[in-house]
Amino acid sequence: MTRVLVADDSETILLLMRTRLELAGYEVETAADGQEVTDLLHEGEAGRLPDLLLLDAMMPRKSGIDALRELRAAGVDTPALIISAHQDATDADAPTDLEVSGYLTKPIDFERLLDSIAELTRN
Amino acid sequence: MAVIGVGRFIQQRQDFEDSIARSYQVEMAARVQVAHGTGGKATRAAVTAQANRREELRDQISSDTRDTAILVAAGLIAGLTGALLLFSGLIASMRRPLEELVEASGRLAGGDRSARVEVGGLSETATLGAAFNEMADELEQEASQRDQLDRLKDEFVLTASHELRSPLTSVQGFAELLMLDRDSLTPKQVDTVEIILDNCRHLVHLLNDLLDLARSDAGRLAVTPRPTEVAPLIDDAVRTMRAQTEGASQMLSERIEPGLPLIDVEADRIRQILVNLITNAHEYSPEGASIQVAVRVVDAEVEIAVTDDGPGIPENQLEHIFERFTRGDAGLTQRVGGTGLGLAISKSLVELHGGTIGVESTPGVGSTFSFRLPVSSRAPGAGASPAIAEAS
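What comes next concerns the included structure. (Residues numbered from 1 in each chain as written. Chains lettered and ligands numbered in written order. Predicted model: local features only at pLDDT ≥ 70, side-chain atom pairs only at ≥ 80, totals over all residues.)

Brief notes about the overall build of chain B
Then, number 1: Broken down by element type, chain B carries 10 helices and 7 strands.
Then, number 2: The buried share among the 392 residues of chain B stands at 21%.
Then, number 3: For chain B, restricting intrachain contacts to residue pairs at least 6 apart in sequence, the fraction spanning at least 24 positions comes to 70%. (Helix = DSSP H or I, 4+ residues; strand = E, 2+ residues; numbered from the N terminus. Buried ≥ 20, exposed ≤ 12 C-beta atoms within 10 Å, placed from the backbone. Contact = placed C-beta atoms within 7 Å.)

Now the structure itself:
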């Protein structure tokens, strides 16, 4: 089963994402901030890496961007989608060194999100 | 020098008068002796000598007078020159600070808040300079306070809009979740959820508009223009609005002049303006109204006009129509779902593209909102005019 790791500092958003993604047939893990994302991956073995990262751009302790930067530095090439609360976040804003697969804005357009996930995890 | 000369002249004159008087006294005494026959030959010689002496004295005084006159003239010339120098120095010492004041005032009026003058010169100009500097200080302080307030306001709108998006995501997301399972909901529940979703969309629209305006105010609303074909843009906007206008049995049509040149625009922003204008025409016009989007070239500009045959706009509302939170007739706004920001944003966006926007309306006949955008300087592509296409 395709596994997605979702990181957001809002529990409600995490619940929403989990419900919606599980309904679409994905296995969902959650993290409350970027630190939990990097911890999870450092602890886990290589085989336990999720198939996709869904990271909120702005979180306390460690942002999604910072977490992704650390992961990329550690050689993790898992596709990542960044969710931003900024209205006009576009692919043009993507830090080029991070290999971000796409940007989504809040409120989340779930149809678009599910399309992106399906495309990025199709092997 | 003139004073010394005049002083010397008076002294000499005095001495001369005294000497002449003495000479007469001596001569008179001599003449008395001669008259009494007591004086001899020597006495008569003394009378002649005194006459000669006075002659000498007169010669001397006239030569002294000439010298003195020269001295006085030289003194006067020197004095005048000195006064002139002093005066021109005085004028210069007033003129420089005044010129500096004029120049600094010009810079201050031109928006250079750091314009100050060097305080110096005469006490009057120094006071004027100090007063100017004080005024400039106050202006600068007020301007920086106003800038700070503006920044705080922009920052607040940006942050608020950002912070509101997370809870809005939850509300909209869970309402959508409910609708995924709509078969298990009663019709009343479906209606309720649809109302929640409608209002979520309205809130998002409002947040986006507020953010655009805050950016526009902060000078941070930017567009990335690219040479763009006009017709597909119009088609796109019309397609977006079709469902809504058909829902009100309104006739939405387009009339596009063939062979339009390219325009340098950010396509999404032009679509946003068009959707704003068509939405207004749709919402302010009754059922069955007709709305037309017409595009043509006027004076090297592409003009896009949205015309409706709705109720029109009274003249007193027309002049404020592009101001934010200005909305049409209050009776209608009950059912009109706009934010009151659409036209203000459209105006900012059109101007950001170097274009102009305007409105014409006749109550009872209808309204036309039109905007003009400069034609792209790049070579026309697929949108080439027939004339050029034939020539090439």
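Thoughts on the overall build of chain A
Then, number 1: When you go through chain A residue by residue, the secondary structure sums to 4 helices and 5 strands.
Then, number 2: In chain A, the succession of α and β elements from N to C terminus is β-α-β-α-β-α-β-β-α.
Then, number 3: Looking at chain A as a whole, 34% of its 123 residues are labelled buried.
Then, number 4: A separation of at least 24 residues holds for 61% of the contacts in chain A among residues at least 6 apart in sequence.

Considerations on the interface of chain B and chain A
Then, number 1: Opposite the 16 residues of chain B that make contact, chain A presents 14 residues.
Then, number 2: Among the elements of the structure, α3 (123–180) and α4 (187–217) of chain B are those that each provide at least two residues to the side of chain B that touches chain A.
Then, number 3: Broken down by element, the side of chain B that touches chain A gets its largest block of residues, 12 residues, from α3 of chain B.

Re the pairing of strand β4 (residues 80–84) of chain A
All names here are of chain A.
Then, number 1: Counting buried positions along β4 yields 5 of 5 residues, so the element is predominantly enclosed.
Then, number 2: What you see with β4 is no split at all: A80, I82 and S84 on one side and L81 and I83 on the other are buried throughout.
Then, number 3: In this structure, strand β3 (residues 52–56) lies alongside β4, joined through 4 bridges in parallel fashion. Bridge assignment links L54 to a residue of β4, and that residue is L81.
Then, number 4: Regarding topology, helix α3 (residues 64–73) serves as the crossover connection from β3 to the parallel β4, and that connection is right-handed.
Then, number 5: Sheet topology note: the β4/strand β5 (residues 100–105) ladder contains 5 bridges and is parallel. Its bridge partner being in β5, L81 is matched across the sheet by G102. (Pairing = 2+ DSSP bridges. Right-handed = clockwise from strand over helix to strand, strands pointing away.)

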